[in-house]
Amino acid sequence: MKIDILSLFPEFIEAFFRQSMIKRALDAGLIEMAVTDPREFSHSRHHQVDDTIYGGGAGMLMQCGPLFEACESVLPQKGPRDRVIFLSPAGSPFTQDKAKELYRDYNHLVLICGHYEGVDHRVEEYLADELISIGDYVLTGGELGAMVISDAVARMVPGVLGDAGSAAGDSF
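Conventions used here
- Residues numbered from 1 in each chain as written.
- Predicted model: local features only at pLDDT ≥ 70, side-chain atom pairs only at ≥ 80, totals over all residues.
- Heavy atoms only, no water.
- Phe/Tyr/Trp six-rings, centres within 6.5 Å; stacked < 30°, edge-to-face > 60°.
- Lys NZ or Arg CZ within 6 Å of the ring centre and 35° of its normal.
- Buried < 20%, exposed > 50% of the residue type's maximum accessible area, 1.4 Å probe, protein only.
- Helix = DSSP H or I, 4+ residues; strand = E, 2+ residues; numbered from the N terminus.
- Arc of directions from axis to C-beta.
- Contact = heavy atoms within 4.5 Å.
- Core = buried A, V, L, I, M, F, W, Y, C linked by side-chain atoms within 4.5 Å.

Re the packing of aromatic side chains
Right, on to step 1. This structure, assessed with the given rule, holds 1 aromatic pair.
Right, on to step 2. Seen in terms of ring centroids, Phe16 and Phe17 are 6.2 Å apart; in terms of plane orientation they differ by 50 degrees. Their pairing is tilted.
Right, on to step 3. The aromatic ring of Phe9 is capped on one face by Arg39, whose charged end is 6.0 Å from the ring centroid.

In C-alpha cells, the structure reads:
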C-alpha cells in the first residue's frame, strides 16, 4: 500500500510518519507514505498557491494548477488500483468499511488536503475520484483527515499491527 498526501504543511504530516505504528510499518517496508507540497509546483515567484474566490466573497481558494501538477508528480499514470481522494467536509463519511474498501480495492491512494476557504472546483470535478469527510465539522485543512484515513487504512496491511494480531478483529 502506498499513500501520498498533498499538503501545504508537509512538516505536520512528516511528524505523523515518525510516530508509533506508522513509523514501524514504514521502517519495515510494509507501507509507503510520502508528502508533497503543492507549493513546489507553483509557477509564481513566491510559490503562491492561493487565489481570490471567483465571483467574490471572503477568503482565498487553493489554485488547481499546483494541485494537478503535484498529483501528476506522484501518480504519473493512473491505473484502476489508484485512487485520488479530496478531503472535504462535503464528502462521504469515512467509516471502517470505507477503510477496508480502500485497502482491498486500491494499491495507491493520493490524499489531497484542502486549505483556506477550499479549492478551485476543478480539483473536485476533474482530479479527485471522490470526496471524503471525517466528520460533520469544519477543520482548518485536510491534514488531520489525511492522517486519520492513512492510519485506518495502514492498519489493514498485514504485519503493520505486529504481533498484536490483525485489524480484522478490531471493533469499535
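A few points about helix H4 (residues 96-105)
Right, on to step 1. Along H4, the residues classified as buried are Lys98, Ala99 and Leu102. Viewed end-on, H4 has its buried residues packed into an arc of 105 degrees, placing them on one side of the element. Among the exposed residues of H4, those pointing more than 90 degrees away from its buried face are Asp97 and Arg104.
Right, on to step 2. Considering only its buried residues, H4 is in contact with strand S5 (82-93), strand S6 (108-113), strand S7 (130-133) and helix H6 (143-154).

Re the nonpolar core
Right, on to step 1. With 31 residues, the main nonpolar core has Ile5, Leu102 and Leu111 as its most contacted residues.
Right, on to step 2. Of all the secondary structure elements, the ones that give two or more residues to this core are strand S1 (2-6), helix H1 (10-17), helix H2 (20-27), strand S2 (32-36), S5, H4, S6 and H6.
Right, on to step 3. No other element matches H6, which puts 6 residues into this core.
Right, on to step 4. Look past the residues within four positions of Ile5 in its chain and what remains in contact with it is Ile13, Phe17, Ala34, Val35, Thr36, Leu111, Cys113, Ala146 and Ser150.
Right, on to step 5. Grouped together as the second largest cluster of nonpolar side chains are 17 residues, Phe41, Leu67, Val110 and Ala128 included.

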